[in-house]
Structure formats: structure tokens, C-alpha cells
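Chain by chain, the residues:
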Amino acid sequence: MSAATHLLRRKAMYYWRRRLPRPLKSWFHKRHLFLGLGTADTVFARRLAVLLDAKLEEIVTAFEQADLHLTSQQVDGLLRDVVRTHLDKLERLAAAGKSCSSFDADQAKRDDRRAAWTYRLLHSQGSAAIVGSLDEQQMSAEGMTLQDIAAIRNHLSLLRKNNLVPTRPDILQDLVGAHGAPATAMNMATAQDIYFRGMWMALAQSDRRYGGNIVEADDFVAQIFRDRVQPVQRVQDEREMFAHAAMAESEQQQPFETVVERNQPDDVDDRFESIADILVKKRLKARRWTIKSKKQAEQIFSLMEKFMLEERSVEKMSLVRQKDLAAFTSFLEAEIYKHHGKSSKDEFRSIAEMRVIAMSKPENMRGVEAGTLNRHLTFIDQLFDCAVAEGVEMDPRLSLSKLRAIDSSETRAREERTKFSLGQIEKLFEQAPFVNCARWDKLSQFGADGHSLVYHGALYFIPMLIFYGGGRLEEYCGLIMDDVIETNGAHPYLHIAKNKYRRIKNAASKRNIVIHPELIRLGFLRYVALIRSLDYELVFPDLFSPTTKSLLGSRFYKLFKPVLLSAGITEDGLGSHAIRHAFGAILKKRNVRDELRADLLGHRGKTETSERYCEATEISTMYELVCKMPVVTENLVAHPTNIFQWVREKHAPPFSHPNRAKRERTAR
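Conventions used here
- Residues numbered from 1 in each chain as written.
- Predicted model: local features only at pLDDT ≥ 70, side-chain atom pairs only at ≥ 80, totals over all residues.
- Heavy atoms only, no water.
- Helix = DSSP H or I, 4+ residues; strand = E, 2+ residues; numbered from the N terminus.
- Buried < 20%, exposed > 50% of the residue type's maximum accessible area, 1.4 Å probe, protein only.
- Contact = heavy atoms within 4.5 Å.
- 1 Å grid on protein atoms, 1.4 Å probe; cavity = no way out; pocket = protein on both sides within 12 Å on 5 of 7 lines; lining within 4 Å.
- Points joined across faces, edges and corners; volume = space filled by probe spheres on them.
- Nonpolar A, V, L, I, M, F, W, Y, C, P; charged D, E, K, R; others polar.
- Patch = residues over 30% accessible without salt bridge, like charges linked within 9 Å, V, L, I, M, F, W, Y side chains within 5 Å.
- Areas by Shrake-Rupley, 256 points an atom, 1.4 Å probe, with all protein chains shown as cover.
- Salt bridge = Lys/Arg side-chain N within 4 Å of Asp/Glu carboxyl O.
- Lys, Arg positive; Asp, Glu negative; His and termini not counted.
- Charge placed at Lys NZ, Arg CZ, Asp CG, Glu CD.
- Pairing = 2+ DSSP bridges.
- Axes fitted to C-alpha atoms, helices over the stretch in contact; angles between N-to-C directions.
- Phe/Tyr/Trp six-rings, centres within 6.5 Å; stacked < 30°, edge-to-face > 60°.
- Expected span 1.5 Å × (residues − 1).
- Parallel < 35°, antiparallel > 145°, perpendicular 65-115°, else oblique.

Visitor: Explanation requested: the overall build of the chain in the structure shown.
Guide: A tally of regular secondary structure across the chain gives 30 helices and 8 strands. Counting the 668 residues in the chain, one finds 39% classified as buried. Within the chain, contacts between residues separated by at least 24 positions form 68% of all contacts whose residues are at least 6 apart in sequence.

Visitor: Any chance you could explain empty space enclosed by the protein here in plain terms?
Guide: A probe matching the size of a water molecule, rolled over the atoms, marks out where space remains unfilled. As enumerated under the stated definition, the model contains 1 cavity of 30 Å³ or more in all. Each pocket or cavity is described by its volume, and for the largest cavity that value is around 70 Å³. In this structure, the largest cavity is lined by Pro433, Cys437, Leu443, Tyr455, His456, Gly457, Ala458, Leu459, Tyr460, Asp542, Leu559 and Phe644. Tallied by class, residues from the lining of the largest cavity come to 9 nonpolar, 2 polar and 1 charged.

Visitor: So what exactly am I meant to see when it comes to a positive patch on the surface here?
Guide: A grouping of Arg10, Arg17, Arg19 and Arg31 is seen on the molecular surface, where their side chains present a positively charged patch. Inspection of the secondary structure puts Arg10 in strand β1 (residues 7-10). Classification of Arg10 by relative accessible area gives partly exposed; the value is 47%.

Visitor: Looking at this structure, how should I read the sheet that holds β1?
Guide: What links the strands of a sheet is backbone hydrogen bonding, and the strands pair in either a parallel or an antiparallel sense. Read across the sheet, 3 strands follow the order β1-β2-β3 without closing on themselves; strand pairing throughout is antiparallel. Each having just a single partner strand, β1 and β3 (32-36) make up the two edges of the open sheet. Neighbour-to-neighbour, the strand axes of the sheet open up by a mean angle of 30°, direction not taken into account. Pairing analysis gives 5 bridges linking strand β2 (residues 13-19) to β3, with the strands arranged antiparallel. Counterpart to Trp16 in the pairing with β3 is Leu35.

Visitor: Is there a simple way to explain the pairing of β1 in this structure?
Guide: One face of the sheet, then the other: side chains in a regular strand alternate in exactly this way. Relative to β2, β1 is paired through 4 bridges, and the arrangement is antiparallel. Residue pairing in the sheet places Leu7 in a bridge with Trp16 of β2. Between β1 and β2, which pair antiparallel and follow one another directly, the connecting turn spans 2 residues, one of which, Lys11, has a positive phi of 50°.

Visitor: I tried to follow the sheet that holds strand β7 (residues 493-496) on my own but got confused; where do I start?
Guide: The 3 strands are arranged β6-β7-β8 in an open sheet whose pairing can be described as antiparallel. Unpaired on one side and paired on the other, β6 (484-485) and β8 (511-514) mark the two borders of the sheet.

Visitor: Could you clarify how one ought to interpret the packing of aromatic side chains in this entry?
Guide: The relative placement of two aromatic rings is captured by the distance of their centres and the angle of their planes. One pass over the structure, following the stated rule, counts 18 aromatic pairs. With a centroid separation of 5.0 Å and an interplanar angle of 10°, the aromatic rings of Tyr455 and Phe644 are classed as stacked. Highlighted residues: Tyr455 in the loop between β5 (442-446) and α20 (458-469) and Phe644 in the loop between α28 (619-626) and α29 (645-648), separated in sequence by 189 residues. Residues Tyr455 and Phe644 agree in their burial class; the two are buried. Ring geometry for Phe556 and Phe560: centres 5.2 Å apart, planes at 25°, overall stacked. With Phe556 and Phe560 both in helix α24 (residues 552-566), this residue pair falls 4 residues apart, about one helical turn. In this structure Phe556 comes out as buried when scored by relative accessible area, which is 1%. Taking relative accessible area as the criterion, Phe560 reaches 1% and is therefore assigned buried. Ring pairing ties together the aromatic residues Phe429, Phe434, Tyr460, Phe461, Phe524, Tyr527 and Phe540, which thus form one cluster.

Visitor: I would appreciate a short explanation of helix α12 (residues 272-285) in the present structure.
Guide: An α-helical turn contains 3.6 residues, so any two residues separated by three or four positions project in the same direction. The terminal C-alpha atoms of α12, which comprises 14 residues, lie 20 Å apart, in line with the 20 Å expected from a rise of 1.5 Å per residue. Within α12, burial applies to Phe272, Ser274, Ile275, Ala276, Leu279, Val280 and Arg283. Where the residues of α12 are buried, they touch α13 (291-312) and α16 (370-389).

Visitor: For this particular structure, what's the right way to read the packing of α13 against α16?
Guide: How two helices pack is summed up by the angle between their axes together with the distance between the axes. Their axes nearest at 10 Å, the elements α13 and α16 cross at an angle of 80°. Considering the angle they form, α13 stands roughly perpendicular to α16. Together, Ser293, Gln296, Ala297, Ile300, Phe301 and Met304 of α13 and Arg375, His376, Phe379, Ile380 and Leu383 of α16 make up the contact between the two elements. Among the residues forming the contact of α13 with α16, the class breakdown is 7 nonpolar, 3 polar and 1 charged.

Shown next, in the form of C-alpha cells:
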């Protein structure tokens, strides 16, 4: 029989056999379909084969057009079901246990903590989870004893012995099916992960069951008192009542005959996304926001919209109430990973998933910093102002001012700033990039004895520029050729202003920075002349890649961090900006006045006199000031200018991503 008909003949009977297309393999958990046709008639078998082929094509088309994977809403629903089911179960067990005279609350809480850790390991490692050495260290850090750790190991063994891990397929199938999703292999694997996560989250609430920490208790009692004062049936929720009250008030303010029903197209679109788009366009047009500000604002707007929808069932800005804002602020303060937003995957995570990630981190890594929180609230305040300007009827009782974080630190600002000691800076300039590196791609490693290989570029010059000039990292990384001024007076200097490669922090940041004579000795101007002869626009082209939108300073940091580690500098906050702080601190010790230091550093003056009535420091005066800095590089040899080969030959940088550039061109 021809293979084109997909028929096979076995013992005078015909069978239909087809290789399954890729979309159906995970559904049927097999590669082929093999069906007996129950006939020995060739013509009839061929007719059946044609019908079966057509049906299979119809099914394949439907599968290709459908999204068989769990959506984010379905994942969130699965997690809620698991957590809710097991919270109820655990609370019933706790109530039953408390009725016994021999009940020990501390032991019950300890058992729950052990079980929570068991499912935490299953969630992070899968069904074959074990207690590793790092897990033991983290458990010990959280107060777990050796007896607790042994009990967790025993719990994992018992779960496998009793066939409770992995979870029975019928349980996972019911869980997936309840949310209208097919039980594909991928969805079953996702459901298993969610099941372990939900068990962990439910077990982790032991303080609620045995510690009396019931978060809804205050609201519940307050509602009872309100009902006692006004015992009426609450047919509508608070948001509906507010909307009806606003409508009634507007009707009272005008005669009945002038009340006209508004057409739907004229209604204000008060969705979060719509108002956010309007605000972003206005701010960019007025040049009030930079690209960085726009990105930060869009991230917090998107996060707030997701929180309001998933946690508070609020879809429109006109329905936001003060308690919704308070809940969102609490989420930012304590229930989100400190570095949320740095991963590209964060955009697609649900609020529940964000909470789980935060719970898996140490306590000091949960919640955003006070300054970050206040910046988020400033963006949100601007969003609400924009909504009011667009005609959205917002709740007049909304207030963000009382939700702002208060800095309770009693440390002086200058004591909080991290800065290098002079000894650390001297040791920094004794490292491989300044003396003798191994290779162009191993700049932080020392080369062979007797050699002196040095590459001139960003890693070599920028630390010196910061120490001897006090500028910011991005100000130096974004230098262009026109910024290097050599023919306007006796002292060459750098002009700091906004260009297409960098922005400046504020108006005071636009200034001139004189080039220290030590940098001239070590060949900075010779290096600039060589780069200019190659027709580069950037002074440090070794930081630039056309396939990334990251800041040039981010590339520099990747090069600079290994150098800090090789110098034994591991304290938090000791980076390139700490060198800038050292510049300001040294000049202060050498009695340089505040307004002069502000001009050098690009700071605003602290008083009206210093800000409004003082001239910017002249180049000659600035030269005298920077010469007060100690020369920590006097032992360095002034080598002939040596740049990277790929810079000299104007090739693509080795850290660029050609595949990413190809994808972007294809998308355009």
C-alpha cells in the first residue's frame, strides 16, 4: 500500500498510521497515531484514510491557532486555589489540635516551619530535592537547629516513600482542568511547580495559626462597629456607592430637564495604561523626563496596574481608594524583591510570583529602599494629577504624602557616603591594568614577570580622571572629541554637557573640568589624538556597542569590578563613585571652600549666595585646586599609546551581540 495514503496492511486488515505534528506530540505523549480501521476492503480503507487525514489537519490547525499553555491569569488562579485550599485545611487542623489539653503551640509552629522548608526545597529543586550544604547554612541563619534539619530530610524521604512526591497526576489534572486548560506535559509540569509553591506559602503562615497574627482582624471588627451604627444591608460595595453618590451630586447641581445622557465615545478612558501613555507623552514633549525617567515611570505604572487588577480587582483609576494605595505601598515596602525590575522576566510575572521570589530571599533583600519608594510615589502622584487634568473623577480623599517613607537615620550624610581611603586608591593603581596585564581579554590579571603590557582606554584613564577631576562616571564614559579642549588657554580641559551618548544630572553639572598634569604625563592627550585620527566620535570607543542600549558606564563597571576585587576592595558601595567622594573629601581636608568644590563636582550651591552671585570657577583657578590632589600614580610608567586591536581596526567590539542586531533589523 502506498505510503501517501498512510495505510498499513496486517493480516489482511488495514490500519491507519500518521506521524504526529509537533503541536500534538505533548498532548498525546507519543510520536505516532496508530488506528485499526476494521476492514479488509482496500477502497473503503482509502476513503477512511482520507477522512482521518482531513480530521487530523483540522485538529492541527486548531492547536496551532490556540494557546495551549497556561496564561498568567490561570497560573495565578492555580496558585490561589492551592494556597486557599491548604490554608483552610491547616486552620482546621490547628483548631482541632488546640482543643487537646496537651497541645503545644511552639511545637506546632516548629512542625509547620519544617514542613514549609520541605516544600520550599521541592519548589526550588523539583521532586528530587535534597538538603544541600547551602540550604543548611540558610536554615541555620533562620534559626533552624540540627534537629530541625534532620526532620526536614526525613520529611522528604517519607513523602517519596508514600508516593506523595511527585504529586499524583489526577490531582494535577483536576487542578489544571478546573481553570479550563489542557493537561499537556508542560501544563502538568507547571501545575506541579505551583503545587509545591502553594504548599510552601500556606505552611509559612504559621504565625497566623498559632501566633494570633490575623491581618484582617482589625478591618473585620471595624466593619462590625460601622454596621452597629448604621445596620443597613450593604447591597453595593464602596466603589459603587461612591460612583452613585457622585452622580447624584452632579444631578442636583443642574435642572432635571438639562440632564443629558453622555454618549459612550465621549467618556474619559480612565484605564491606568491610557492615562500613563498621556502622561509619558506630555513629559517627554516638555523634556521633563529623560529616557531613564520614562523607563522608571513606565515600570512602576505597569506594576501598579497589575497589582490593582490582581490583588484589589480595580481596573480603572476612578475606582482607586486610599486603602488600595496603602496596600500597594505595603507590597513595595516588604513583599517584593529589592532588585525587582532588573530581570527582563519580571515584566511577565504575576504579583503572587513576585511574592514567592521575595520570600525566597533573605529579609534584608525584601522591599525597596526608602528613596526608591518615594520616587515611585512621586511618579504615581504625577499620574493621578494627569488623570484629574484629563477629566477623570478621582476620589478626593486620596493622599500619597502620608505613605511616603521617612528617613529615620541619624547618620550624617557625609558619614553615609562610601569613599576610598588614600591607601586603597594607591593599591588600586598598582593593579594589572595600570602596570602589566596578561592579555587584552584578561585586563585584571597580571602578566608574566618582566613584561609591562598596558592597554590605553576607558579602564586605564577613567579611574584617574575621576580621582584627579572629580567628575561622574557617565560624564567621562560619554566624552566626545569636541569635549576635549586643548587650544583655549594654557590648561587643557574637558567640557561636560549633554550629548547623544550621555545626559547630565542637573544644570550645575554642565561645566568644565581641567585635565590634571599627571594625566597628561601618562599620555591622555596622546591617546585622544590617536583616537581622533581614527575618526571616532567617542573618546572611549572601547565602551560602545551598537547592539546594546545599556549605559556606557555599565560596560565600564564590568571591566572595573574584577580590578576592585583583585585589589581586595570588596565593601558595598566602593566603586567608581566612591573615588569621586574621595576627591571631594580630600579637597575639603585641604581647606578648599564649599562653592569651589561644588563647581568642581558639578553640585548646586548650598546657599543663594553661592548659587546665584558667584562666578563659575575659572580654568586657571580650577587648575590650582586639582593640583592640591595627591599624586597617587607617580610610580606608573608613561608607556607609548597602545589601544585594542579591534579599536585600531574599527571592528565590532568582541562583547557585541551580532545575533541581537540581526533580530532588530529583521523586526524593523
